[in-house]
Amino acid sequence: AFTVVAQRSGIEVQVSVGQRISEALREAGVEIEMSCEAGVCGTCYTRVLEGEPDHKDSFQTNAELAANEGIAICCSGSKSPRLVLDV
Ligand code: FES
């Protein structure tokens with residue numbers, strides 16, 4: 001489990017094991033745009049302000065993945081205990 005801070009929304013959610021970040025944010029009332037929900041389309045791409053994502057998507061290039069500037073919140077997780085996102 002890890003914590004996701006939705007910076008612009010001003011809320012913080014716990015993401016449990018097996019739960020999607022998008023799901024946890026939606027349950028907390030944050031509007032999330034999604035399409036494929038499988039890490040392919042990039043619709044759910046969200047900027048990472050702090051923390052290290054555990055990338056599971058396949059649309060970012062290796063350089064983008066290594067830069068950790070964004071995350072596909074439909075499928076990716078977190079390697080750090082806390083992720084701060086620009087949502
Ligand atoms: Fe398509 Fe997340 S909804 S990559």
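Note that the structure is predicted; figures quoted are calculated from it, not measured.

Asker: Before we move on, could you go through the nonpolar core and cite the residues and values that matter?
Answerer: Burial of nonpolar side chains together is a common tendency in soluble globular proteins. Counting residues in hydrophobic clusters, the biggest one holds 20 residues, and the most contacted among them are Val4, Ile21, Leu25, Ile73 and Leu85. Contributions of two or more residues to this core are made by β1 (2-6), β2 (11-15), α1 (21-27), β5 (70-72) and β7 (82-85). The contacts of Leu85, once residues within four sequence positions are left out, are Val4, Val5, Ala6, Gln7, Ile21, Leu25, Thr46, Arg47, Val48, Leu49, Ile71 and Ile73.

Asker: Break down the pattern of salt bridges for me, with residues and values.
Answerer: A complete count under the given rule lists four salt bridges for this structure. Here Arg47 makes a salt bridge to Asp86, at a shortest N to O gap of 3.4 Å. One end of the pair, Arg47, is in strand β3 (residues 45-50); the other, Asp86, is in the segment after β7, and 39 residues separate them in sequence. Look at Arg47 and you get partly exposed, because its relative accessible area is 46%. Among the salt bridges present, the one from Lys56 reaches Asp54, with a minimum N-O distance of 3.5 Å. Through salt bridges with shared partners, one network takes in Arg8, Arg47 and Asp86.

Asker: Could you give me a rundown of the pairing of β7, with the residues and numbers involved?
Answerer: Where β1 lies against β7, four bridges are found, and the strand directions are parallel. Looking across to β7, one finds that Val4 is bridged to Leu83. In this sheet, β7 lies alongside β3 in antiparallel orientation, the contact comprising two bridges. The partner of Val48 across the bridge, within β7, is Leu85.

Asker: If you had to explain the packing of aromatic side chains to someone new, which residues and values would you point to?
Answerer: Applying the stated rule across the entire model yields one aromatic pair. Between Tyr45 and Phe59 the ring centres are 6.2 Å apart and the planes differ by 70 degrees, which places this aromatic pair in the edge-to-face class. Pair noted here: Tyr45 is in strand β3 and Phe59 is in the loop between β4 (53-54) and α2 (62-67), with a separation of 14 residues, a long-range link.

Here is what the cut-offs are and how they apply
- Residues numbered from 1 in each chain as written.
- Predicted model: local features only at pLDDT ≥ 70, side-chain atom pairs only at ≥ 80, totals over all residues.
- Heavy atoms only, no water.
- Core = buried A, V, L, I, M, F, W, Y, C linked by side-chain atoms within 4.5 Å.
- Buried < 20%, exposed > 50% of the residue type's maximum accessible area, 1.4 Å probe, protein only.
- Helix = DSSP H or I, 4+ residues; strand = E, 2+ residues; numbered from the N terminus.
- Contact = heavy atoms within 4.5 Å.
- Salt bridge = Lys/Arg side-chain N within 4 Å of Asp/Glu carboxyl O.
- Pairing = 2+ DSSP bridges.
- Phe/Tyr/Trp six-rings, centres within 6.5 Å; stacked < 30°, edge-to-face > 60°.

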